Amino acid sequence: MKGDKMLKGKTAVVTGGSRGIGRAVTLGAAKNGANVAIVYSGDDAAAADVKNLAIEMGVKAEAYKCNVSDFEQARETCNRITTEFKAVDILVNNAGIARDKLLMMMSETDFDDVIDVNLKGAFNFIKHLSRAIIKSSAGRIINISSVSGLMGNAGQANYAAAKSGLIGLTKTVAKEFAGKKITCNAIAPGFIETDMTAGLPQSVRDHAGTAIPLKRMGTPDEVANAAIFLASDLASYITGEVLKVDGGLYI
Ligand code: NAP
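Residues numbered from 1 in each chain as written. Predicted model: local features only at pLDDT ≥ 70, side-chain atom pairs only at ≥ 80, totals over all residues. Heavy atoms only, no water.

Asker: Describe in detail the pairing of strand E2 (residues 35–40), supporting the description with residues and values.
Answerer: Taken across its 6 residues, E2 has 5 buried, putting it largely inside the fold. Looking at chain direction, strand E1 (residues 11–15) and E2 are connected through 5 bridges and run parallel. Each residue of the ladder has a partner; that of Ala12, found in E2, is Val36. Assessed by its sense of winding, the connection that carries the chain from E1 through helix H1 (residues 20–31) to E2 is right-handed. As paired strands, E2 and strand E3 (residues 61–65) are joined by 5 bridges and run parallel to one another. Residue pairing across strands places Ile38 opposite Ala63, the latter belonging to E3. Once you follow E2 into helix H2 (residues 44–56) and on to E3, the crossover reads as right-handed. (Buried < 20%, exposed > 50% of the residue type's maximum accessible area, 1.4 Å probe, protein only. Helix = DSSP H or I, 4+ residues; strand = E, 2+ residues; numbered from the N terminus. Pairing = 2+ DSSP bridges. Right-handed = clockwise from strand over helix to strand, strands pointing away.)

Asker: Would you mind going over the sheet that holds strand E5 (residues 140–144) in detail, with residue names and values included?
Answerer: Taken in spatial order, the 7 strands of this open sheet run E3-E2-E1-E4-E5-E6-E7, and their pairing is parallel. With partners counted over all chains shown, the strands left at the sheet margins are E3 and strand E7 (242–245), one partner each. Direction aside, neighbouring strands of the sheet carry axes that sit 15° apart on average. Across 3 bridges, the pairing between E1 and strand E4 (residues 90–93) is parallel. By the bridge assignment, Ala12 is partnered in E4 with Ile90. Contacts from helix H4 (residues 108–134) reach E1, E2, E4 and E5 within the one sheet, and its direction differs from that of E4 by about 180°. Set on the sheet, helix H9 (residues 220–231) makes contact with E4, E5, strand E6 (183–189) and E7; between it and E6 the angle comes to about 170°. (Axes fitted to C-alpha atoms, helices over the stretch in contact; angles between N-to-C directions. Contact = heavy atoms within 4.5 Å.)

Asker: Explain empty space enclosed by the protein residue by residue, including any values.
Answerer: The final tally for this structure, using the stated rule, is 2 cavities of 30 Å³ or more. In this structure, the largest cavity occupies an estimated 50 Å³ of space. Lining the largest cavity, in full, are Thr15, Val68, Asn93, Asn94, Ala95, Val117, Asn118, Gly121, Ala122, Ile144, Lys163 and Leu166. Secondary structure elements with two or more residues in the lining of the largest cavity: H4 and helix H6 (157–177). When residues in the lining of the largest cavity are grouped by element, the largest group, 4 residues, is from H4. A per-class count over the lining of the largest cavity returns 6 nonpolar, 5 polar and 1 charged. If you add up the space inside the second largest cavity, you get close to 40 Å³. Elements that contribute at least two residues to the lining of the second largest cavity include exactly E1, H1, E4 and H9. (1 Å grid on protein atoms, 1.4 Å probe; cavity = no way out; pocket = protein on both sides within 12 Å on 5 of 7 lines; lining within 4 Å. Points joined across faces, edges and corners; volume = space filled by probe spheres on them. Nonpolar A, V, L, I, M, F, W, Y, C, P; charged D, E, K, R; others polar.)

Asker: Run through H6, naming residues and quoting values.
Answerer: Between its first and last C-alpha, H6 extends 30 Å over 21 residues, near the 30 Å set by a 1.5 Å rise per residue. Listed in full, the buried residues belonging to H6 are Asn158, Tyr159, Ala160, Ala162, Lys163, Leu166, Ile167, Leu169, Thr170, Val173, Ala174 and Phe177. Tucked inside the fold, the buried residues of H6 contact H4, E5, helix H5 (147–151), E6, helix H7 (195–198) and E7. (Expected span 1.5 Å × (residues − 1).)

Structure (structure tokens):
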């Protein structure tokens, strides 16, 4: 398949598509011939940058400012995307935040905010784009979970709960939508070099270096490659799966 554009003519919606892993997924999809709708919440410049890079690759690209956790904003945004792109084949639910604290110190807001963006945001976009994706001949939904959702992680009760929840959501959507030829899979990244991990204390980064069998953090492109694979025809018989991209952290 080298040289082929695996997603040629498809349209991909990537939430949190402006930075980090989502940016890499957006640009990977564009490089593979997909039109891309970038959903972001605050950083206009980052979204415009990704949009322009995608357009330079010869595809249609548009950026949409939307808080994925807001049901009505998500509905409006999904309606705009469906109208402007005419079709949606691929949805990558990637938008996410972390508010790490030990449970004893975690506030109700810390908990609710993370569940609302990381879990409810995915529900909102699946719900509002499902009619459009059903019309695709090979619909794909990919949810970006985390190894924290598989292993649990001290300091991440909110985040791990949301990421485990995404796995339950993924498996349920896989079953509900299989009859419509839509696959739904999750990716569980380990430690990936992005803004989200840039602020981690050096002790945590050092620990990651020793705990990860491949002895390094991953790159956004390494996660994006898994997303492009799952979005492509190569993954037509894979659904309800959780693909770890973690350098062996959770073996
Ligand atoms: P990041 O660099 O912090 O980027 C987060 C992206 O999500 C940005 O584009 C941001 O847009 C967007 N976003 C945040 N809140 C949003 C909201 N309410 N509505 C819409 N968009 C929102 O994060 P990342 O490290 O790339 O992580 C991406 C995903 O991978 C997350 O779900 C994260 O939990 C997961 N993950 C990351 C790692 C890691 O090690 N980095 C590991 C496992 C899983 P704005 O800038 O406009 O707010």
